[in-house]
Amino acid sequence: MGVVQSAERRRPWEEKNVVVAGVLAYLIPGAGHLYQGRLFKAAIYFFCILGTFFGGMKLGEGAVVYNSPNNKLGVSLQFLAQVCVGLPALPAVQQAKRAGAPNNQPMHELRHPLAAPFTGQLVTSGPGDEIHFGALEGRIELQPANESGFADVRGKFTGTLDGKPVDLDLSGGFLIDRPIGAGFQRKLSCGVARGTDLHPLASQTIRGSIPRSLIDAYAAPPDAATLHDLHGRLGKFYDLAIALTMIAGLLNILAVWDAIEGPAYGFGDEVLTADDEAAQVTASASKPSDPSPATGAATAPARR
Amino acid sequence: MLADLNVSWYLLPLAAVISLVYSASRYELPDRIVRRAARLFVTIVGCMAALFAVLWLFSFGL
C-alpha cells in the first residue's frame, strides 16, 4: 500500500493471540486489551463500559438485565444487546431457567424457619374504613406451625415502629414472594396476633420486604407485579436504566472488534514510503496558490 | 436521590462514555484518543443542546 507500519505500537497486538484477546475482551471489557499490553485502552473500556452497565443496574434497582422466559424466541431483544457486555450479563441465561421452574412461586406457608432483617409498614385496618400506616424497621423471625391440621406461620417482629421500640407477635395471613426473582428485596406480609388494646373490629398486618440473596436476585427476570411496581416508582428512569445496560453491551462490540482487528483508523504511527512523499511534494508543487506548506504525512493515513 | 435529578442530565456522562469508547476504538495513541473524544463529546452535546433549544422554542407558550 506504500505505507510502512511501525512495529512499536503494533507489536503488542500482533504478538498475542487474537482469539484469546477477543474472548477476553468479550467476557470482561478491557481484559483483552490488558492481555495485549494496551493498558490505556484497557482502562477506558473497563471503566466506561462496566461503569455504564452497573450504573444502569443501580438505577433500575438490579431488575433491568434479564432474559424473558416467556418469549417464543427464547431470548428478549433487549437481552441481545445486554449480553454483549459479557460475564456481567451471562448469568441471566441460567437465571431465566431457574425462575421459570414450577416451584418458584409466591408461598403462603413456610417449610423452614426464617429470620431476616425486615423493612416495611404496620397496616392497621378498621374499625370501618380507617387504615393507619406505621413505619417498621427491625428483624422478623418466623417458624412453620401446624394447628388443627392446618399449616400456619408463627413468629415475632422486633424493632421500631415510627422510631419507637416495638415487639409484635405474628400469626397467620402469611405471604412471601417467590424465592428467585428480580430485585434485591423480597416482599413479605404476615398477620399480627390480636393485642388487647386493639379494637375488636380492627386487624393488623405487617407488609414489607426482606433481603433476597445475590444468587437468587442477580439477573433474574421480574414478574408482572414487580415490573408494574418498578414502572410505577421509577417511571422513565427504569427505561433509561435498560437503555444504559444495552448501550454498554453495544459499546463492548467496538471493544471486541478493536482487540481482534486493532484500531479502525490505524495505530497512528504509520510512516509513508519515499514514493508517497514524492507524490505529496508533486501535488503541493502543482498548486502554487495553496498557502499551506507540504507537511510530513506521518498522520495523514490515520485521518478521516 | 437519583430520581430527583432531571433525566436529561444523565445524557452528559453517557455522551462522555460513548465519545471515549468510540474514539478508543478508532485510534491507538492516548493523546489522539483523548483529543478526538473531547471533540466528539462537544459535538454530541452541542447538537443535543441545539435540538433542545428548537424543541423549547416550538413548545413556548403551550
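This text follows the structure it describes.
Residues numbered from 1 in each chain as written. Chains lettered and ligands numbered in written order. Predicted model: local features only at pLDDT ≥ 70, side-chain atom pairs only at ≥ 80, totals over all residues.

Colleague: For this particular structure, what's the right way to read the overall build of chain B?
Modeller: Regarding its fold elements, chain B presents 2 helices and 0 strands. In summary, chain B has a C-alpha radius of gyration of 15 Å against a globular reference of 11 Å for 62 residues, an excess of more than 25%. Taken along the three principal axes of its C-alpha coordinates, chain B extends 50 × 30 × 15 Å. Counting only residues that meet the buried cut, chain B has 21% of its 62 residues in that class. (Helix = DSSP H or I, 4+ residues; strand = E, 2+ residues; numbered from the N terminus. Rg over C-alpha atoms; globule rule 2.2 N^0.38 Å. Buried ≥ 20, exposed ≤ 12 C-beta atoms within 10 Å, placed from the backbone.)

Colleague: How do you make sense of the environment of Val83(A) when you look at a structure like this?
Modeller: All names here are of chain A. Tracing the backbone through its elements, the reader meets Val 83 in the loop between helix H5 (77-82) and helix H6 (91-99). Measuring from C-alpha to C-alpha, the distance between Val 83 and Leu 251 comes to 12 Å, with 168 residues separating the pair along the chain. Residues in contact with Val 83, not counting those within four places in the same chain, are Ala 89, Leu 90 and Gly 249. (Contact = placed C-beta atoms within 7 Å.)

Colleague: Sorry, what's going on with the packing of helix H4 (residues 39-59) of chain A against helix H9 (residues 236-261) of chain A here?
Modeller: The description of two packed helices rests on the angle between their axes and on the distance between the axes. Residues and elements named next belong to chain A. Where H4 contacts H9, the axes come no closer than 7 Å and their chain directions differ by 160 degrees. One element, H4, and the other, H9, form an angle in the roughly antiparallel class. The crossing of H4 and H9 is left-handed. Across from Tyr 45, Ile 49, Thr 52, Phe 53, Gly 55, Gly 56, Met 57 and Leu 59 in H4, the residues of H9 making contact are Phe 237, Leu 240, Ala 241, Leu 244, Thr 245, Ile 247, Ala 248, Leu 251, Asn 252 and Ala 255. A breakdown of the residues in the contact of H4 with H9 according to their chemical character gives 13 nonpolar, 5 polar and no charged. (Axes fitted to C-alpha atoms, helices over the stretch in contact; angles between N-to-C directions. Parallel < 35°, antiparallel > 145°, perpendicular 65-115°, else oblique. Left-handed = near helix turned anticlockwise from the far one by under 90°. Nonpolar A, V, L, I, M, F, W, Y, C, P; charged D, E, K, R; others polar.)

Colleague: Teacher, can you tell me more about the interface of chain B and chain A here?
Modeller: At the interface, 18 residues of chain B touch 25 residues of chain A. Of all elements in the fold, only helix H1 (11-26) and helix H2 (30-58) of chain B reach the threshold of two or more residues within the side of chain B that touches chain A. The element contributing the most residues to the side of chain B that touches chain A is H1(B), with 9 residues. In the side of chain B that touches chain A, the residues fall into 14 nonpolar, 1 polar and 3 charged.

Colleague: What is the right way to read the packing of helix H2 (residues 18-27) of chain A against H9(A) from this model?
Modeller: All names here are of chain A. One way to put it is that H2 packs onto H9 with a least axis distance of 8 Å and a crossing angle of 165 degrees. When the axis of H2 is compared with that of H9, the two are roughly antiparallel. The way H2 lies across H9 gives a crossing that is right-handed. Mapping the contact onto sequence places Val 18, Ala 21, Gly 22, Ala 25 and Tyr 26 in H2 and Asn 252, Ala 255, Val 256, Ala 259 and Ile 260 in H9. Of the residues assigned to the contact of H2 with H9, the class counts are 8 nonpolar, 2 polar and no charged.

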